[in-house]
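Commentary on secondary and tertiary structure
So the chains spell out like this:
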Amino acid sequence: PREASHGIKQKEVFYSEEREKNEGFHPSIAAIVLLILGILIGLAVPRYLASIEKSKETTFCSNVRNVVSAIETWRMDTGTTVYPTEGQLNASIIKSATYFSQAPVNPYTGTVLQSGEITSSTTKGYFSYTNDNTNFTYKIETFPDCDIQ
């Protein structure tokens, strides 16, 4: 340190070319960091996508079970032993404020869950309802399988 004219000591700071060369990341270190980040992203993205798919399936099956409950409630409300037709299910039950505060949504299509909306039984979000009022039963088919009945 040297003394200034006021009697205060000042530090002299020296910069050298050598010091400037050593500052920052070396390209090989940056490449290693990017490689590690790539590996972590490669592991995380598939798990994230799988969790989205699982949540869609869970939501879909939950909504189908809610429709099944609404069908049984409709039978009690109407005092009948028969089951609703597909048209009644789609128009009078699923879209009715009596049975749902909000119509159940098919998470695969983003639209109101309706029987017959998707016609291929191998397409995710497939929901089919058929009544058999001769035998007082109904059949529900879904894909993915929601294990109804």
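These notes cover the structure that comes with them. (Residues numbered from 1 in each chain as written. Predicted model: local features only at pLDDT ≥ 70, side-chain atom pairs only at ≥ 80, totals over all residues. Heavy atoms only, no water.)

**Digging into the pattern of salt bridges**
Pairing is possible between side chains that carry opposite charge, provided their charged atoms lie close to one another. One pass over the full model with this rule turns up three salt bridges. Lysine 124 serves as the salt-bridge partner of glutamate 53, at 2.9 Å between the closest nitrogen and oxygen. A residue pair is termed long-range when its members are at least 10 positions apart, and glutamate 53 in helix α2 (residues 27-78) and lysine 124 in the loop between β4 (111-112) and β5 (126-132) qualify at 71 residues. Given the relative accessible area of 27%, glutamate 53 is considered partly exposed. Look at lysine 124 and you get partly exposed, because its relative accessible area is 39%. Here glutamate 72 makes a salt bridge to arginine 75, at a shortest N to O gap of 3.2 Å. Linking glutamate 72 with arginine 75, this pair stays in helix α2, spanning three residues, or about one helical turn. The exposure class of glutamate 72 is partly exposed, given its relative accessible area of 26%. You can call arginine 75 buried: its relative accessible area is 17%. (Salt bridge = Lys/Arg side-chain N within 4 Å of Asp/Glu carboxyl O. Helix = DSSP H or I, 4+ residues; strand = E, 2+ residues; numbered from the N terminus. Buried < 20%, exposed > 50% of the residue type's maximum accessible area, 1.4 Å probe, protein only.)

**What about the state of the cysteines?**
A complete count under the given rule lists one disulfide for this structure. Across the disulfide from cysteine 61 sits cysteine 146; the S-S distance is 2.2 Å. On the S-S bond that ties cysteine 61 to cysteine 146, the torsion sits near -80 degrees, and the link is left-handed. With cysteine 61 in helix α2 and cysteine 146 in the segment after β6 (137-143), this pair connects stretches of sequence that are 85 residues apart. On the basis of relative accessibility, which here comes to 1%, the residue cysteine 146 falls in the buried class. (Disulfide = S-S within 2.5 Å.)

Worth remembering: the numbers are spatial, not functional.
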